[in-house]
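# Structural overview for review
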Amino acid sequence: MTTVVIAGGGIGGLAAALSVSSQGHRVVLCERNSAFAELGAGIQLAPNGMHALDRLGLAGAVRRIAVPVRELRFMDGVSGEHVVSMSLGERYRARFRNAYVVVHRGELHRLLLRACKDSDRIELRPSSEVVGYEHAGQAVRVLLAGGRTLTADALVGADGLHSAVRARLVGDGSPRNAGITVYRSIVPMDRVPPDLRHRSVTWWAGPGRHFVHYPIAGGRSLNLAPSVENQPAETFSGVPVAAPEVREQFAVLCDTAQRLLELATEWKAWVLVDRAPVDTWTDDRVALLGDAAHPMLHYAAQGACMALEDAVVLGDMLDCTSAEFGARLRRYNAARRERTARVHRLARDSIGLWHAAGTVAIARNKALTAMSLTDLHDHVAWLHGARDFAAPGLAGLPDPAALPDPAVPSDPADTYTLAGVLDAAGAGDLRGAAPGAYTLGGYLAPPERPR
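The structure contained in this document is the topic of the report that follows.

Thresholds applied
Residues numbered from 1 in each chain as written. Predicted model: local features only at pLDDT ≥ 70, side-chain atom pairs only at ≥ 80, totals over all residues. Heavy atoms only, no water. Axes fitted to C-alpha atoms, helices over the stretch in contact; angles between N-to-C directions. Helix = DSSP H or I, 4+ residues; strand = E, 2+ residues; numbered from the N terminus. Parallel < 35°, antiparallel > 145°, perpendicular 65-115°, else oblique. Left-handed = near helix turned anticlockwise from the far one by under 90°. Contact = heavy atoms within 4.5 Å. Nonpolar A, V, L, I, M, F, W, Y, C, P; charged D, E, K, R; others polar. Core = buried A, V, L, I, M, F, W, Y, C linked by side-chain atoms within 4.5 Å. Buried < 20%, exposed > 50% of the residue type's maximum accessible area, 1.4 Å probe, protein only. Phe/Tyr/Trp six-rings, centres within 6.5 Å; stacked < 30°, edge-to-face > 60°. Lys NZ or Arg CZ within 6 Å of the ring centre and 35° of its normal. Pairing = 2+ DSSP bridges.

### Digging into the packing of helix H2 (residues 47-55) against helix H9 (residues 303-317)
- The N-to-C vectors of H2 and H9 enclose an angle of 40°; their axes lie 8 Å apart at closest approach. By the angle class used here, H2 and H9 are oblique. Note on packing geometry: the crossing formed by H2 with H9 is left-handed. Along its contact with H2, which presents Asn-48, Gly-49, Ala-52, Leu-53 and Arg-55, the element H9 presents Cys-305, Met-306, Leu-308, Glu-309, Val-312 and Asp-316.
- Across the contact of H2 with H9, the residue classes break down as 6 nonpolar, 2 polar and 3 charged.

Structure below.
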C-alpha cells in the first residue's frame, strides 16, 4: 500500500487525509502539538465549501451544528445606514445548490478529526513536527523534529502559514504584514439584546476599519471581529487586549456598532499577514495545501473553503499508483493555482471596499445600493457556485505547463471584483472597466504576478 505523509493536523490536513485515504492510500498525519486541536472562533462556509464537505461525506454533520445565514448585510459603519443585503434564502440556495452557514472552527475540526479516527487507513501522529524533507529516489524522506524520519511515497505540506515544507519548497521567507490588526471575541447570545440578534453576517464599514459579526455554535454565541489599519510594526498572534483599547480603535463607528462592541469583555488580537501567490507548489512528490500553499487575508471568508477544495482535488488527482504521484501532484498544482490566486486577490481588494472614507465611501454606498439581488448573486457566482474545483481544460493533460497569470481574469466580463472607476462625483460605470484597476473603495495596485 502506498503511504502519503501529511504535515499539519488542522482543517486542511484532516480534510486531505480523508480525501487521499478514500483512494486506497495509507495516510500518516503528523501534528507538531501533543494533541489534535483547533483554536479560533467562527468561520463562514459558502456553498463551495459545503459542497467540498459533501464530497468528504461530512456536510450533513456540519449542517447539524452550523447556523444557516439568512443574508450578508453591508452597513455604513459611520452613519449606521443599511446599504445593501444579499439574501441567502431560497433563490440563493436553489442557484448554488447549498446553504451558506457559519460554524465554530473547533466544532468543524472535531468532526473532521472524528472521521479520521474512524478510518483504518489514517494514522494520527501527534508530537510529530515535520521540519523538512529529502528526495530519496522514488520516495520522500520526511524529516521530523528530534532527528526522526519517515519514508513515504509522497508528502503534503498542510502545515499552515509558517510551513516548514513551504520553507524548503518555495523559500520565500516570512509572511508579509498587511498593516491590519484584527480583534476577536465571542459573546454568549443570551447577553446580546434582542434587537441586535440577526441570523446574518453583518459588516460595519468605516474609514480605515470595519467590524463584522455573526452567530456561531448553533446560535448560542455571537462572534465579533473588528479590524483596523493601524500599521503594527511587528506581527503577533492571539495577544490579549483590554476592552477599552479595542473600543477606542472603533470610536468612529455608529451607536449600534458601539453597543455590539461593548458586549465583549475579553479580546485577543492578531496582525493579519499573507503571502504573494506563487506559481509552483510542488517539488516532485511533495506538494502544498491550504494556507501553506496560498495564505490569504480572511476578508473573502474563503480560507477554510479553499483548503477544503484543495483536499477534494488532491484526492481526485491521486486515484493512481505511486509511480504517477509526481505528475499527478503537478496537475493538482495547476488545477488549483488560478482559482486560489483569484480569491487571494479578492481578499486584498476587499480592504478598499470595507475601509473607504469620505466621497469614496459615498460612491461605494451608491453603487452597492443600485445592485439588484440578481446582480449580487451574479457577482459571487464564480466563487460560491463552483462544483468542480479544478481549473477548466485540465482533463487529459499529462503534465500541464504554466498557466496564465492567475491573478488577472482573461476577460473583463469575468472580473471578480466590483470593477469600475470611482471618483468624487460618485459611482462610475461598474461594467466594462479594465479588471484589476479599480474596485468599490479605491485604486488597486497592478495585479500581482505569481512567481
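What follows continues from the structure just given.
### Let's talk about the nonpolar core
- Counting 73 residues, the largest nonpolar core has Ile-6, Leu-45, Leu-53, Leu-108, Leu-155 and Leu-314 as its most contacted members.
- With residues up to four places along the chain from it excluded, the contact list for Leu-45 reads Met-50, Leu-53, Val-62, Ala-99, Tyr-100, Val-101, Val-103, Leu-108, Cys-305 and Leu-308.
- Within the second largest apolar cluster, 43 residues are counted, among which are Val-102, Ala-205, Trp-354 and Leu-376.

### Regarding the environment of Leu-111
- Take Leu-111: it is sitting in helix H5 (residues 105-117).
- Residue Leu-111 is classed as buried on the basis of its relative accessible area of 11%.
- Expressed as a C-alpha distance, the spacing of Leu-111 and Leu-58, which sit 53 residues apart in the sequence, is 7.7 Å.
- Setting aside residues no more than four positions away along its own chain, Leu-111 makes contact with Leu-58, Ala-61, Val-62 and Ile-65.

### Thoughts on the packing of aromatic side chains
- Inspection of the entire model under this criterion finds 5 aromatic pairs.
- Both rings, one in Trp-203 and one in Trp-354, keep their centres 5.1 Å apart while their planes meet at 10°; by these two values the pair is stacked. In this pair, Trp-203 sits in strand S14 (residues 200-206) while Trp-354 sits in helix H10 (residues 325-354), placing the two residues 151 residues apart along the sequence.
- The class for Trp-203 is buried, based on a relative accessible area of 12%.
- Seen from the ring of Trp-270, Arg-184 lies directly overhead, with NZ or CZ sitting 4.8 Å from the centre.

### Observations concerning the pairing of S14
- Burial of S14 is extensive: 7 of the 7 residues sit out of reach of the surface.
- Where burial is concerned, the two faces of S14 agree: the one with Ser-200, Thr-202, Trp-204 and Gly-206 and the one with Val-201, Trp-203 and Ala-205 are both buried.
- Relative to S14, strand S5 (residues 71-76) runs parallel, the two being bridged by 6 bridges. Looking at S14, one finds that Glu-71 is bridged to Ser-200.
- Pairing between S14 and strand S15 (residues 209-216): 5 bridges, direction antiparallel. When the bridges of S15 are listed, Ala-205 appears paired with His-210.
- In sequence, S14 turns back onto S15 through a hairpin of 2 residues, with Gly-208 there showing a positive phi of about 70°.

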